[in-house]
Amino acid sequence: MTFFRQITPMPNIVILAYDKCMAGAVTAPADLFATANHIMASKGQDFATSPPFSVVTASLDGDVVKCGNGQMIMPDAGIDAVVQADLIIVPGLLIASEKELLSSLAKLEKLSPFLNEMHEQGSVIAAGCTGSFVLAEAGLLDSLEATTTWWLAEAFCGRYPRVRMRTKQMVVEQGRLITAAAGTSYLDLSLMQISRFAGPHVARQSAAFLCIDGPRESQTAYAIPHHRLVRDPFIETADNWIRENISRRLDVESLASHLGVSARTLIRRFRSTIGQPPSDYIQSVRIDHAKYLLQNTRAGISQVAVEVGYQDEDAFRRAFKKLASSTPTAFRQRSADH
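Now for a description of the structure that goes with this document. (Residues numbered from 1 in each chain as written. Predicted model: local features only at pLDDT ≥ 70, side-chain atom pairs only at ≥ 80, totals over all residues. Heavy atoms only, no water.)

### A word on empty space enclosed by the protein
Over the atoms rolls a probe the size of a water molecule, and its path tells where empty space is left. As a reminder of what qualifies: A cavity here means a set of points on a 1 Å grid, drawn over the protein atoms and nothing else, where a 1.4 Å probe fits but cannot get out; a pocket is an open set with protein on both sides within 12 Å along at least five of seven lines, and a residue lines either one if it has an atom within 4 Å of a point. Grid points are joined across faces, edges and corners, and a volume is the space filled by probe spheres set on the points. Each helix is a run of DSSP H or I of at least 4 residues and each strand a run of E of at least 2, with the numbering of both proceeding from the N terminus. Only Asp, Glu, Lys and Arg are considered charged, only Ala, Val, Leu, Ile, Met, Phe, Trp, Tyr, Cys and Pro nonpolar, and every remaining residue, Gly among them, polar.
Going through the model one piece at a time under the given rule, you end up with one cavity of 30 Å³ or more. Taken as a whole, the largest cavity holds about 50 Å³ of empty space. Forming the walls of the largest cavity are 14 residues, and the residues nearest its centre are Ala25, Val90, Gly92, Gly128 and Tyr186. Elements with a contribution of two residues or more to the lining of the largest cavity: β6 (87–90), β7 (124–128) and α7 (185–198). Residue classes in the lining of the largest cavity are distributed as ten nonpolar, four polar and no charged.

Written as structure tokens, this is what we have:
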């Protein structure tokens, strides 16, 4: 009996690297594939002499790149030297604003023809975080589903209206095109590829050796609802009042009354400024505060529910599950474990 799939020929993996990319999005997948190689080598002599995963890094021109954290990476080659790849990994960018992202994308135009050519040749192309923008710039995601980092999903939809965004999902697979969500979703993406090429047992063992949690299905639990709060006096006033009265009955009408506007005007201002109705924003603030209480106090679930404005504990649990993709109890336990 064998735990391994027969891997013929040996998968060639190219991890792209470019200025401002996340260093971990280049090195962590390489570490995971190397770990899988070690695991398989310990189980079979053939794997020891011929590792199943062959990994190289490639930059636009073969020159050293400066990652977003300042770390320098010397690639193995430039993309012009890449003639065949079973899998190409496109890292996300470590940026702080949409403006910075667009500036970086403009410098990566050379990647578009390369990615299209490799995809036509049969390569699987997997992009993590803002790497999905790189695929979209190349036109590869048109008419397909994709995901990206939660805080830039709105910008993605505005720039690429032909792509069907699936913000909540951690990984979206569309044939030979794969996109992953925010930050460390490159771990989920890499484990998915190890499972694809070597089998789920090797993927599970690789995750265990590196203390990586099992596959995550959603990034909703990691989203910060007010992260992109625009410095708009009207919205700031609304946000402050919501937080000061979070345990009270809050609805669109009471918030509109406090701000001295009609409910219709309130809805319009929220939609145009932060892209969601005030009712959704109120709920997101409540659940965000509930997360804080679950992580930092010993209050029971029913007490937490009351503290954030839910008199019905079942309604609180449903809302929490919807926005955090977890039950309150599971969220608290996971936070304690970490």
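From this point on, the discussion continues.
### Some thoughts on the sheet that holds β7
Keep this limit in mind: Two strands are said to pair when DSSP picks up at least two bridges between them.
Read across the open sheet, the seven strands follow the order β5-β2-β1-β6-β7-β11-β10; overall the sheet is mixed. Where the open sheet ends on each side, the last strands, each with one partner, are β5 (77–78) and β10 (171–174). As judged from the three bridges shared by strand β1 (residues 12–16) and β6, these two strands associate in the parallel manner. Note that in β6 the partner of Ile15 across the bridge is Ile89.

### A word on helix α12 (residues 278–296)
Given 3.6 residues per helical turn, the α-helix brings residues three or four places apart onto the same face. Condition: Expected span, for any helix, means 1.5 Å times one less than how many residues it has. Buried, partly exposed and exposed residues are distinguished by accessible area as a fraction of the type maximum, computed with a 1.4 Å probe on protein chains only: under 20%, between the cut-offs, and over 50%, respectively.
An ideal rise of 1.5 Å per residue puts 27 Å on 19 residues; α12 measures up with 27 Å between its terminal C-alpha atoms. Of the residues making up α12, those classed as buried are Pro278, Tyr281, Ile282, Ser284, Val285, Arg286, Ile287, Ala290, Lys291, Leu293 and Leu294.

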